[in-house]
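Each chain, letter by letter, is given below.
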Amino acid sequence: MGDYTNIPATTAVAGPATADERRRSVLPLLVAALVVAIGAAAFIGSRSLGYWDDLGPGPGFFPLWLGVLLVVLGLIWFGQELRARLRPETAGKPAPDEEETPEYSLPTVLAILVSLCVLAACLEPVGYQVSMLVFLLFHLLVVGRRGPLQSLVIAVIGSFGVFYAFTRLLTVPLPVSSIPFLRDLGL
């Protein structure tokens, strides 16, 4: 038989969860289900609107795809929460590669708000592509502290790629530059 005198008294089985802990453990499941319900409502509501019209995407295009996206992502979230509850040894512990949620300070929030205002002011004179490229680079490099290569790839796709998708594929016009030099470059 083993010697049980060295077992600390704190290793006893944890007591029942408090009402607050039970509520917090159910809250993510409820919010995920709410996201699925909102997505389903958007999808169902968009069916009565026109999906496509003569000029391109109709009023039902974006609500339909937004609803589909919300349903899919809500179901993934719900499944992840359920799977985490089925593994009690990892419940409450963050995964080793999981990042902590960043704390946002007042200067960070103000920088985000000011950058949104600058973006809105620059869309007409500078155009969507250049404005969004600078906006995304600022947020990825300065606010998000991401690497330069990753930031550049995301910013180029988020500015030039989105502009191409909307103007060429969906035939939805986005602002182009009113500055002649930039307009001549196709920006």
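The rules behind each value
- Every chain begins its residue count from 1, and numbering advances along the sequence as written.
- The predicted origin of the model limits local features to residues at a pLDDT of at least 70 and limits the giving and counting of side-chain atom pairs to 80 or more, whereas totals for whole chains, interfaces and linings rest on all residues.
- To get the side-chain values, all heavy atoms of the structure are used, and hydrogens and water are removed first.
- Working convention: axes come from line fits to C-alpha atoms, limited for helices to the stretch in contact. Angles between N-to-C directions cover 0 to 180 degrees.
- Helix numbers and strand numbers start at the N terminus; a helix is a DSSP run of H or I with at least 4 residues, a strand a run of E with at least 2.
- For this classification, under 35 degrees means roughly parallel, over 145 means roughly antiparallel, 65 to 115 means roughly perpendicular, and everything else is oblique.
- In this scheme the crossing of two helices becomes right-handed for a clockwise turn of the near helix relative to the far one and left-handed for an anticlockwise turn of less than a right angle.
- The contact rule is simple, with two residues in contact once any of their heavy atoms fall within 4.5 Å.
- When residue character is reported, Ala, Val, Leu, Ile, Met, Phe, Trp, Tyr, Cys and Pro are called nonpolar, Asp, Glu, Lys and Arg charged, and the others, Gly included, polar.
- Scored between 0 and 100, pLDDT is the confidence that the predictor attaches to each residue.
- Salt bridges are defined by distance alone: a side-chain nitrogen of Lys or Arg within 4 Å of a carboxyl oxygen of Asp or Glu.
- Relative accessibility decides the category of a residue: with a 1.4 Å probe and only protein chains considered, values under 20% of the type maximum give buried, values over 50% give exposed, and everything between is partly exposed.
- Given a helix with a known number of residues, its expected span is that number minus one, times 1.5 Å.

## Here's the deal with the packing of helix α4 (residues 128–143) against helix α5 (residues 148–169)
In contact at an axis separation of 8 Å, α4 and α5 are set at 150° when each is read in the N-to-C sense. Considering the angle they form, α4 stands roughly antiparallel to α5. Of the two elements, α4 crosses α5, and the hand of that crossing is right-handed. Touching Tyr128, Gln129, Met132, Leu133, Leu136, Leu137, Leu140 and Leu141 of α4 are Pro148, Ser151, Leu152, Ile154, Ala155, Val156, Gly158, Ser159, Phe160, Val162 and Phe163, all from α5. Partitioned by chemical class, the residues of the contact of α4 with α5 number 15 nonpolar, four polar and no charged.

## Digging into the confidence of the model for the protein chain
For the protein chain, the mean per-residue pLDDT works out to 80, and 78% of the residues sit at or above 70. α4 holds the highest mean pLDDT among the elements of the protein chain, 91, whereas helix α6 (residues 180–184) holds the lowest, 76. Counted against residues more than four places away or in other chains, residues 4–13, with its pLDDT under 50, gives zero contacts.

## Here we look at the pattern of salt bridges
Scanning the entire structure with this criterion turns up one salt bridge. Arg85 is the partner of Glu81 in a salt bridge, and the nearest nitrogen-oxygen pair spans 2.9 Å. Of this pair, Glu81 and Arg85 both sit in helix α2 (residues 61–86), four residues apart, which is roughly one turn of the helix. We classify Arg85 as partly exposed; its relative accessible area is 33%.

## Here we look at α2
With 26 residues, α2 should reach 38 Å at 1.5 Å per residue; the first-to-last C-alpha distance of 38 Å fits that figure. Of the positions making up α2, those classed as buried are Phe61, Leu64, Gly67, Gly74 and Glu81.

## What to know about the packing of helix α3 (residues 106–126) against α4
Following both chains from N to C, one finds α3 and α4 inclined at 165°, their axes separated by 8 Å at the closest point. Classed by the angle they form, the pair α3 and α4 counts as roughly antiparallel. Here α3 and α4 pass one another in a crossing that is right-handed. Each of Thr108, Ala111, Ile112, Ser115, Leu116, Leu119, Cys122, Leu123 and Val126 in α3 lies in contact with α4, whose residues at this interface are Tyr128, Val130, Ser131, Met132, Phe135, Phe138, His139 and Val143. Its residues placed into classes, the contact of α3 with α4 shows 13 nonpolar, four polar and no charged.

## Focus on the environment of Leu49
Relative to the elements of secondary structure, Leu49 occurs in the loop between α1 (19–46) and β1 (52–53). For Leu49, a relative accessible area of 38% corresponds to the partly exposed category. Spatially, the C-alpha atoms of Leu49 and Phe61 are 8.2 Å apart, while their sequence positions differ by twelve residues. Non-local contacts of Leu49, meaning those with residues more than four positions away in its chain, are made with Pro59 and Gly60.

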